[in-house]
Amino acid sequence: LGGPDPLDYVSMYRNLGNPALNVPEHWHYVSFGLSDLYGDNRVHEFTGTEGPSGFGFELTFRLKRETGESAPPTWPAELMQGLARYVFQSENTFCSGDHVSWHSPLDNSESRIQHMLLTEDPQMQPVQTPFGVVTFLQIVGVCTEELHAAQQWNGQGILELLRTVPVAGGPWLITDMRRGETIFEIDPHLQERVDKGIETDGSNLSGVSAKCAWDDLSRPPEDDEDSRSICIGTQPRRLSGKDTEQIRETLRRGLEINSKPVLPPINAQRQNGLNHDRAPSRKDSLESESSAGIIPHELIRTRQLESVHLKFNQESGALIPLCLRGRLLHGRHFTYKSITGDTAITFVSTGVEGAFATEEHPYAAHGPWLQILLTEEFVERMLEDLEDLNSPEEFKLPKEYSWPEKKLKVSILPDAVFDNPLH
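Right, let's walk through the structure included here.

The rules behind the values
Residue positions are given per chain, counted from 1 along the sequence in the order it is written. The predicted nature of this model means local features are confined to residues of pLDDT at least 70 and side-chain atom pairs, given and counted, to a pLDDT of 80 or more, with totals for whole chains, interfaces and linings taken over all residues. The basis for the side-chain values is all heavy atoms of the structure; hydrogens and waters are excluded. Categorising residues by exposure relies on relative accessible area from a 1.4 Å probe, with only protein chains included: less than 20% of the type maximum marks a residue as buried, more than 50% marks it as exposed, and the intermediate range marks it as partly exposed. We count a stretch as a helix when DSSP gives it H or I for four or more residues in a row; a strand needs E for two or more, and each element gets its number in order from the N terminus. Here, a strand pair is defined by DSSP locating no fewer than two bridges between the strands. Stacked, tilted and edge-to-face pairs are distinguished by plane angle, under 30 degrees for stacked and over 60 for edge-to-face with tilted covering the rest, among Phe, Tyr and Trp rings (Trp via its six-membered ring) whose centres lie within 6.5 Å. Fitted lines through C-alpha atoms serve as axes, helices being fitted only where they are in contact, and the angles separating the N-to-C directions of these axes extend from 0 to 180 degrees. We call two residues in contact when some of their heavy atoms are within 4.5 Å. The term nonpolar core refers to a set of buried residues drawn from Ala, Val, Leu, Ile, Met, Phe, Trp, Tyr and Cys, joined through side-chain atoms within 4.5 Å.

What about the pairing of strand 17 (residues 369-373)?
Point 1. Most of strand 17 is tucked away: five of the five residues are buried.
Point 2. Here five bridges tie strand 14 (residues 344-348) to strand 17, and the two strands are oriented parallel to one another. When the sheet's bridge partners are listed, Ile 345 is paired in strand 17 with Leu 370.
Point 3. Taken together, the four bridges between strand 16 (residues 363-366) and strand 17 define a ladder with antiparallel strand orientation. Across the sheet, residue Tyr 363 finds its bridge partner in strand 17, namely Ile 372.
Point 4. Between strand 16 and strand 17, which follow one another and run antiparallel, lie two residues, and Gly 367 among them has a positive phi close to 60°.

A word on the packing of aromatic side chains
Point 1. Counted under the stated rule, the structure contains 12 aromatic pairs.
Point 2. When the centroid spacing of 5.8 Å and the interplanar angle of 65° are considered together, the rings of Phe 61 and Trp 75 count as edge-to-face. Note that Phe 61 is positioned in strand 3 (residues 52-64) and Trp 75 in helix 1 (residues 75-90), a separation of 14 residues in sequence. With respect to class, Phe 61 is no different from Trp 75; both count as buried.
Point 3. On the numbers, 5.3 Å between centres and 70° between planes, the contact of Phe 334 with Tyr 336 is edge-to-face.

Quick word on the sheet that holds strand 13 (residues 333-338)
Point 1. Strands sit in the order 8-13-14-17-16-11 across an open sheet of six strands; the sheet is mixed. Bordering the open sheet on either side are strand 8 (207-210) and strand 11 (302-304), each of which pairs with just one other strand. Ignoring which end each strand starts from, the neighbouring axes of this sheet average 20° apart.
Point 2. Across the sheet, helix 8 (residues 320-327) is in contact with strand 13 and strand 14; its angle to strand 13 comes to roughly 155°.

Regarding the nonpolar core
In summary, soluble globular proteins display a tendency toward joint burial of nonpolar side chains.
Point 1. Counting 37 residues, the largest nonpolar core has Leu 310, Phe 312, Leu 324, Tyr 336, Ile 345, Phe 347 and Ile 372 as its most contacted members.
Point 2. Setting aside residues up to four positions removed in sequence, Ile 345 forms contacts with Cys 212, Ala 213, Trp 214, Leu 310, Phe 312, Phe 334, Thr 335, Tyr 336, Leu 370 and Ile 372.
Point 3. Grouped together as the second largest cluster of nonpolar side chains are 28 residues, Phe 55, Leu 59, Val 87 and Cys 143 included.

Considerations on unusual backbone geometry
Point 1. A cis amide bond links Leu 397 with the next residue in sequence, Pro 398, at an omega value of -5°.
Point 2. Inspection of the secondary structure puts Pro 398 in the loop between helix 9 (376-385) and strand 18 (399-403).
Point 3. The backbone of Asn 22 shows a phi angle near 60°, a positive value even though the residue is not glycine.
Point 4. By the element assignment, Asn 22 lies in the loop between strand 1 (9-15) and strand 2 (26-32).
Point 5. A residue is classified by how much of its surface remains accessible, and Asn 22, at 51% relative accessible area, is exposed.
Point 6. A positive phi angle, near 55°, is found at Lys 407, a position not held by glycine.
Point 7. With respect to the secondary-structure elements, Lys 407 resides in the loop between strand 18 and strand 19 (408-413).
Point 8. Assessed through its relative accessible area of 44%, Lys 407 is described here as partly exposed.

See the structure below:
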């Protein structure tokens, strides 16, 4: 399936599988155009034979072939073209272990397969071309519960579980859009493995794009020049380029929180899958791997705040327990980046380096970027108080949580509050 643009090309093959490995017959889709096809700077900048070719990867997808199906469905090609178009337009890249929250059946049916994980293609190894190295990343369709497990733990761990369940992917991770059960419904013991993994490793999800905002309650609202660094309906201050890069770094495992199938702002600096979260450690850092930490913009000073009010929509708020249990209790950080502006909220633990929030001044703002430092003791208390966030079916909006002695308030608000800037 092709068009005039190089990213429009997807090849489709009938793959007989491997009966000895219990791999069924399926359709195999391979993109071409994300890598450099020409080497003449026509589409991609040619950077030599040793580096990545173009974006350094092509996408693949394996779809179970239905009985009597004589031709491959074309919707996977359209899905891959959408992902490729995102990469071209944003210049952001994917790597193995990433997840994409799609919020819609991949084939526009009634399927439970509504999200994607990415991993190395089991058959197509990295290749050296005259225009650089190309790796092949396979799209794997997953259910919402499996996506949430990947967020709470990590994508690679869930992919390994999918490989052990033939109907959920098997060794070659073949997507079956007719699959009606999650791996946890098929084998309840797998949830125990995820829970143990979260307890041992924490979460690799270091941030999300979200519907969020924050207010500085330390001073009167009218003191806009120095007080309310961000609120809906006011003009936010701009982040410096250095700050933006810092936030992108924390979002490199990002997930787009949206009612529409929009892709995550994945850090463009990742190459060859090397910039994943480090091994579990009680010492993390907010520093970018390509920078020396936060250098405040000369026109935006860092301010210590006495009291703050955090605002999230329900889907964003539901990730707060993940942030606390899977990240902060493991000595890490977690960032919410607003999808509507420069606003960012980063939660940090006492073990995180490079933060401008401290135990003495746990709330600190750099322009519209707020950092909140939480001690382990307070995290444990918050987890108890926020337990009902784990039961969205019983949740009624708006909902407010408050810790007066900590001068911290959290509100879970309807989407409309964030969708209407004049609200």
